[in-house]
Amino acid sequence: MCCSADPSCCRQIFVLLVACLYALSAGVMVAFPSVLNPTIVSPNSTDIKATSSQASWIASINGISGIASFFILSPIFQAFGRKVANITLNVILFVGWVTLYMASSVPMLFLGRAIQGLCIGGVFINGVTLSEYSSPQRRGYFMTIKKVLVGFGSLTCHSLALIFSWRQIAAISIIPVAIAIILILLWPESPAFLAMKGRFEECEKAFVWLYGSSLRSKKELKELIKAQADRLEREKTSNNQSKIRNLLKTLRKKEILKACLIVTLLTLCIDSCGRYFLITYITQILVEITGDQSIAMYCSVASDALLISALTISCAIIRAFNRRTLLFSFGSLTVVLMFIICLIVVLKSQYNILADVSWVTPFLILLHTFIAHVGIIPVAFAISSEIFPLEHRGLCSCISGVVFTMFYAGTLKMTPIMIEYTGISGTYAIYACIVIICLAILYVILPETKDKTLQEIEDEMRGKDRSEVHKDMLPERDTLIKL
């Protein structure tokens, strides 16, 4: 119906399809160690064999190489355009899956996962591309659909593991990125990129292809071209030395330092609540608890289904309640559940209490997964996308991306080591304490961002009084994109 009434809707959905194919394969990539690691560390393995230490490095190495991705993909994105950057992104993921499929040794597994890590920068590049190719009315739920597809990727990985080997899953995962590469070739270049480069005639053609030629679209196009033409004119008077000085001055600004601290704490909350270590190691955790591989595999599939349901529900909850209310209420509930899991595991293992009730701990872990993904995790992601000052979003996104990959790699590396030396109970207790510390600091420094324009958030971060803001500026609230 959308396409018949508005052809531009079809074209934007066409771009969304590529983002979803990438997100699907990326979801499989995140969950892949949960299938690969138990197999290669098993003494009964007939394929590649690895030690527990090697397996943890295989899981986490893509986070380490992901740091380099921001310094490789960002210049491509800025200099050569969104099409080239997205093709590069999908080609990297394609090569990574091919390498894993053809792996015949542990070093080959390291190489395949490290190659895949080079596309972790696509978390931001893919999102920015989608926002540039979609209209304001569709941008919010397009981004949400892409997030849900990451969950579907994880579910696909765990479901396929019930039937196929890790090597066959790697081969199947090649398909969506191969299709994505072909479809990207049919895109026009982003109108925003073309305008930024001063290619205004090409920008107009691409803009009309994406958004149509209504009066509103023409007005938006005119504003885009005017803004970029003015910027290009101003840049003629600038020089490299002033840019370096401006960069150093920017990094010392109060609002930048505060925003980076907030995003760092939110990222640490996301990782410690289980966003990535549960997806990656949930099978290993459940095997440790139940002692049954088949039960663990079915519970991991249930976990993915709950994750998708939770993210879907969170779309409505985030629209209805304040960010701080959700973050601290669901954050507190998540911490309580993590300590309950810790307590139950200790009671069963040390005191043989509830030893006959085998379903309690898996149920609590699945409930923790659901609660965390309904509240604290999506809210933390939403705040992270709102808190940076608009004029410095590019720089701050790069900084937050490096922080994200460092925490991601550290979590995936340390989780199996923590499980080995402290057990499931110790691992959950440590992560719960980290969440408590982060929430305590955020309670003091985090402003409310719901239903505020980016300018209002920026002014609040700077400590500027907005009580004298002219009433004519109030309607700008309606233009805030609810992420």
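To keep things clear, this report deals only with the structure shown in the data block. Quick caveat: nothing in here was measured; it's all calculated off a predicted structure. (Residues numbered from 1 in each chain as written. Predicted model: local features only at pLDDT ≥ 70, side-chain atom pairs only at ≥ 80, totals over all residues. Heavy atoms only, no water.)

## Brief notes about helix α10 (residues 200-211)
Here comes step 1: Here α10 is 12 residues long and its end C-alpha atoms lie 16 Å apart, about the 16 Å a rise of 1.5 Å per residue gives.
Here comes step 2: Turning to α10, its buried residues are C203, A206, F207, L210 and Y211. Angular distribution of buried residues about the axis of α10 spans 105°; they occupy a single face of the element. Exposed residues on α10 whose side chains face more than 90 degrees from its buried face are E201 and K205.
Here comes step 3: Downstream of α10 by one or two residues, G212 has phi in the positive range, about 85°. (Helix = DSSP H or I, 4+ residues; strand = E, 2+ residues; numbered from the N terminus. Expected span 1.5 Å × (residues − 1). Buried < 20%, exposed > 50% of the residue type's maximum accessible area, 1.4 Å probe, protein only. Arc of directions from axis to C-beta.)

## Description of the packing of aromatic side chains
Here comes step 1: Applying the stated rule across the entire model yields 5 aromatic pairs.
Here comes step 2: Taking the centre distance of 6.5 Å and the plane angle of 75° together, the rings of F32 and W166 count as edge-to-face. In this pair, F32 is assigned in helix α2 (residues 7-41) and W166 in helix α8 (residues 166-184), connecting sequence segments 134 residues apart.
Here comes step 3: Classification of F32 by relative accessible area gives buried; the value is 0%.
Here comes step 4: Measuring from centroid to centroid gives 4.6 Å for F207 and Y211, while their planes differ by 50°, and the two rings are tilted. A residue pair is termed a helical-turn pair when its members lie 3 or 4 positions apart in one helix, as F207 and Y211 do in helix α10 at 4 residues.
Here comes step 5: Look at Y211 and you get buried, because its relative accessible area is 13%. (Phe/Tyr/Trp six-rings, centres within 6.5 Å; stacked < 30°, edge-to-face > 60°.)

## Here we look at the layout of surface pockets
Here comes step 1: Taken as a whole, the second largest pocket holds about 370 Å³ of empty space.
Here comes step 2: Forming the boundary of the second largest pocket are 17 residues, of which V41, S52, Q284, E288 and P416 lie nearest the centre.
Here comes step 3: Sorting the residues of the lining of the second largest pocket by element identifies α2, α3 (52-79), α14 (277-290) and α19 (393-445) as the ones contributing at least two each.
Here comes step 4: Tallying contributions element by element places α14 first for the lining of the second largest pocket, with 5 residues. (1 Å grid on protein atoms, 1.4 Å probe; cavity = no way out; pocket = protein on both sides within 12 Å on 5 of 7 lines; lining within 4 Å. Points joined across faces, edges and corners; volume = space filled by probe spheres on them.)

## A word on the nonpolar core
Here comes step 1: Ranked by size, the top nonpolar core spans 105 residues in total, and within it W97, L109, L327, I376 and L442 carry the most contacts.
Here comes step 2: Top contributing element to this core by residue count: α19, with 14 residues.
Here comes step 3: Beyond its immediate stretch of four places on either side in the chain, I376 contacts C269, C273, L327, F330, G331, T334, I371, V435 and L439.
Here comes step 4: Counting 25 residues, the second-largest nonpolar core is a separate cluster that includes L16, L130, Y133 and A195. (Core = buried A, V, L, I, M, F, W, Y, C linked by side-chain atoms within 4.5 Å. Contact = heavy atoms within 4.5 Å.)

## Topic: the environment of V148
Here comes step 1: As for its placement among the helices and strands, V148 is situated in helix α7 (residues 136-160).
Here comes step 2: Separated by 161 residues in sequence, V148 and S309 place their C-alpha atoms 8.8 Å apart.
Here comes step 3: Setting aside chain neighbours within four positions, we find V148 in contact with I308, L311 and T312.

## A few points about the pattern of salt bridges
Here comes step 1: A complete count under the given rule lists 1 salt bridge for this structure.
Here comes step 2: Close ionic contact of R199 with E202 constitutes a salt bridge, the shortest N to O distance being 3.0 Å.
Here comes step 3: Owing to a relative accessible area of 35%, R199 belongs among the partly exposed residues under this scheme.
Here comes step 4: The partly exposed category is assigned to E202, whose relative accessible area is 40%. (Salt bridge = Lys/Arg side-chain N within 4 Å of Asp/Glu carboxyl O.)

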